[in-house]
Amino acid sequence: MEGGNSPNLQLQQLPLATAAVSVQPHTDSFSYKENLIGALLAIFGHLVISIALNLQKYSHIRLAGSKDPRAYFKTKTWWCGLFLLVLGELGVFSSYAFAPLSLIVPLSAVSVIASAIIGIIFIKEKWKPKDFLSKFHSCGLAIVGTYLLITFGPNSHEKMTGENITRHLVSWPFLLYMLVEIIIFCLLLYFYKEKNANYIVVILLLVALLGSMTVVTVKAVAGMIVVSIQGNLQLDYPIFYIMLVCMIATAIFQATFLAQASQLYDSSQIASIGYILSTTAAITAGATFYLDFTGEDVLHICMFALGCLIAFLGVFLITRNRKKSVPFEPYISMDAMPGMQNMHDKGIAVQPDLKASFSYGALENNDNMPEIYTPATLPIVQEQHGSKGVSAPPYRVLEHSKKE
């Protein structure tokens, strides 16, 4: 009896052991460990990216302030910054393979925090005590928001295999999301190209919609590479190369719109508004494609949303208090030249009294300038001989009045 019952017992226990093996990678301790690894990789990547960008900025500043004829790409500092930039991007790229997309994307606030601190310490940016205190509070808000994001972030994990990605790609929530996104993108692109709606929100919404697809494909590519390294080859699936092409294409178009926005608006506005819009779009894409918030309770979702709002506020305040760069104007402002406003003591205007609101050669709006500020004309007056032989001056300064 014992020999006959033992095979049955083994057959009954086999499914239980298999089920235990499939559930083990998704236990809470393992999931939180993966979340921590992904969050640390993302934070490390963004910190290194901030250091790299400030190193390259420092290289440009040193060359501009010296008589060194070398180009910036021939300096060791710039190449060191480029190496760190690639290292940081690899860290952020690999973080998507461990943690949910909705957790990794908001952590880009770390880059803004680090840039604000490094700019004061390393680049020696000058700030007034009031602005410095405000920036300190803004960084504190962003750090608190980042802590809430890591603590209450989504905890959904699955292996990025070709079958799972294909199944998510044809799911009805993502197809509906893609339909809505394509419609919104086409409308924004129409107003931007045809109606010349060069508003910063329009341009950065285009960037955010493209960026949401970029992060979806980045997580798929990074996850499939990590699974392949672990021994389960995924590079022979066509979906891998489809995601790779989409990742490169959306990143290129995203950089194109960002370059156009940087030509029209200040970098601080692009940083704050772009972070808010891109993070919102990416979290929505992650929730529909990878189902990041499936199984999460309401408290965790509300605390995660609160962390996002606090991080948004912190980033906005940091970039709002950033010192705006004054562009160099290589033209001579006539109102800055002594002795050119009045030719005689009577106040006869030869050059207009512009009060630093307009300068020759500068592309500034002067539609509202009063007529009194128009330059005076110097007509030629023919010489007239009087009876006594005294000649009048060949030139005469015409005095402008408000009636003219």
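Conventions and cut-offs
Residues numbered from 1 in each chain as written. Predicted model: local features only at pLDDT ≥ 70, side-chain atom pairs only at ≥ 80, totals over all residues. Heavy atoms only, no water. Helix = DSSP H or I, 4+ residues; strand = E, 2+ residues; numbered from the N terminus. Contact = heavy atoms within 4.5 Å. Salt bridge = Lys/Arg side-chain N within 4 Å of Asp/Glu carboxyl O. Phe/Tyr/Trp six-rings, centres within 6.5 Å; stacked < 30°, edge-to-face > 60°. Buried < 20%, exposed > 50% of the residue type's maximum accessible area, 1.4 Å probe, protein only. Expected span 1.5 Å × (residues − 1). Arc of directions from axis to C-beta. Core = buried A, V, L, I, M, F, W, Y, C linked by side-chain atoms within 4.5 Å. Patch = residues over 30% accessible without salt bridge, like charges linked within 9 Å, V, L, I, M, F, W, Y side chains within 5 Å. Areas by Shrake-Rupley, 256 points an atom, 1.4 Å probe, with all protein chains shown as cover. Axes fitted to C-alpha atoms, helices over the stretch in contact; angles between N-to-C directions. Parallel < 35°, antiparallel > 145°, perpendicular 65-115°, else oblique. Left-handed = near helix turned anticlockwise from the far one by under 90°. Polar contact = N/O pair within 3.5 Å; in protein donor to acceptor, adjacent residues only side chain to side chain. pLDDT = per-residue confidence, 0-100.

Helix and strand counts for the protein chain come out as 12 helices and zero strands. In the protein chain, the proportion of contacts linking residues at least 24 apart, taken out of those at least 6 apart, comes to 74%.

Moving on to the pattern of salt bridges. Counting across every chain of the model gives one salt bridge. For glutamate 158, the salt bridge goes to arginine 167, with nearest N and O atoms at 3.6 Å.

For the coordinates displayed, the defined rule picks out nine aromatic pairs. Ring centres 5.3 Å apart and planes at 90 degrees place the aromatic pair tryptophan 78 and tryptophan 79 in the edge-to-face group. The class of tryptophan 79 is partly exposed, set by a relative accessible area of 48%. Here the aromatic rings of tyrosine 190 and phenylalanine 191 are separated by 5.6 Å at their centres, their planes lie at 70 degrees, and the arrangement is edge-to-face. Among the residues examined, phenylalanine 191 registers a relative accessible area of 41% and is labelled partly exposed.

Now for unusual backbone geometry. Positioned with a positive phi, asparagine 196 is a non-glycine residue whose angle comes to about 55 degrees. Examined against the element boundaries, asparagine 196 turns out to sit in the loop between α8 (172–193) and α9 (200–229). According to the relative accessible area criterion, asparagine 196 is exposed, its value standing at 55%. Of note in this structure, leucine 291 is not a glycine but carries a positive phi near 55 degrees. Tracing the chain through its elements places leucine 291 in the loop between α11 (267–289) and α12 (298–320).

Right, let's get into helix α3 (residues 76–95). When the terminal C-alpha atoms of α3 are compared, their 29 Å separation across 20 residues agrees well with the 28 Å that a helix rising 1.5 Å per residue should span. Of all the residues in α3, the buried ones are Trp78, Gly81, Leu84, Gly88, Gly91, Val92 and Ser95. The buried residues of α3 all sit within an arc of 135 degrees when viewed along its axis, so they share a single face. In α3, the exposed residues that point more than 90 degrees away from the buried face are Lys76, Phe83 and Leu90.

Attention shifts here to the nonpolar core. Counting 30 residues, the largest nonpolar core has Tyr96, Leu101, Ile165, Met243, Phe289 and Tyr290 as the members making the most contacts within it. The biggest single contributor to this core is α9, with seven residues. Setting aside residues no more than four positions away along its own chain, phenylalanine 289 makes contact with Ile165, His168, Leu169, Phe174, Val216 and Met243. Val112, Cys139, Phe312 and Val315 belong to the second-largest nonpolar core, a separate cluster that totals 15 residues.

This paragraph deals with a nonpolar patch on the surface. There is a patch of nonpolar side chains on the surface, built from Trp172, Leu176, Leu179, Val180, Ile183, Ile184, Leu187, Tyr190 and Phe191 and spanning about 920 Å² of accessible area. Examined against the element boundaries, valine 180 turns out to sit in helix α8. For valine 180, a relative accessible area of 41% corresponds to the partly exposed category.

Across the interface, α9 lies against α11 with an axial gap of 8 Å and an inter-helix angle of 40 degrees. One way to sum up the angle between α9 and α11 is to call them oblique. Pair α9 / α11 crosses with right-handed handedness. For the pair α9 and α11, contact is made by Ile200, Val201, Leu204, Leu205, Ala208, Ser212, Val215 and Val216 and by Gln269, Ile270, Ile273, Gly274, Leu277, Ser278, Ala281, Ala282, Ala285 and Phe289, respectively.

Mapped onto the elements of the fold, threonine 214 is located in helix α9. Residue threonine 214 is classed as buried on the basis of its relative accessible area, which comes to 10%. Among the polar contacts listed, one links the side chain of threonine 214 to the side chain of threonine 250, at a separation of 2.8 Å. If we ignore the near neighbours within four places in the chain, the residues touching threonine 214 are Met247, Thr250, Ala251 and Gln254.

Okay, α9 next. Residues separated by three or four positions in an α-helix point in the same direction, a consequence of the helix having 3.6 residues per turn. Its 30 residues place the ends of α9 42 Å apart at the C-alpha level, agreeing with the 44 Å of an ideal helix rising 1.5 Å per residue. Just downstream of α9, glycine 231 is the residue with a positive phi angle, here 120 degrees.

Before going further, it helps to examine the environment of leucine 41. Topologically, leucine 41 is positioned in helix α2 (residues 28–64). The class for leucine 41 is partly exposed, based on a relative accessible area of 25%. C-alpha of leucine 41 to C-alpha of alanine 99: the two residues are 58 residues apart in sequence and 9.7 Å apart in space. With sequence-adjacent residues up to four places away left out, leucine 41 is seen in contact with Gly91, Val92, Ser94, Ser95 and Phe98.

Moving on, we come to the environment of alanine 109. Along the chain, alanine 109 falls in helix α5 (residues 109–121). The residues contacting alanine 109, other than those within four sequence positions of it, are Thr146, Tyr275 and Val315.

In the predicted model, the protein chain carries a mean pLDDT of 76, and the fraction of residues at 70 or more is 68%. Contacts for the low-pLDDT stretch residues 325–337, under 50 throughout, to residues beyond four places or in other chains number 18 contacts. Overall, residues 339–378 carries pLDDT values under 50, and its contacts beyond four positions in sequence, including any with other chains, amount to 55 contacts.

What follows deals with the environment of isoleucine 150. Here isoleucine 150 lies in helix α6 (residues 129–151). With relative accessibility at 29%, the residue isoleucine 150 sits in the partly exposed group. Once residues within four sequence positions are removed from consideration, isoleucine 150 is found in contact with Ala39, Ile43, Leu103 and Leu107.

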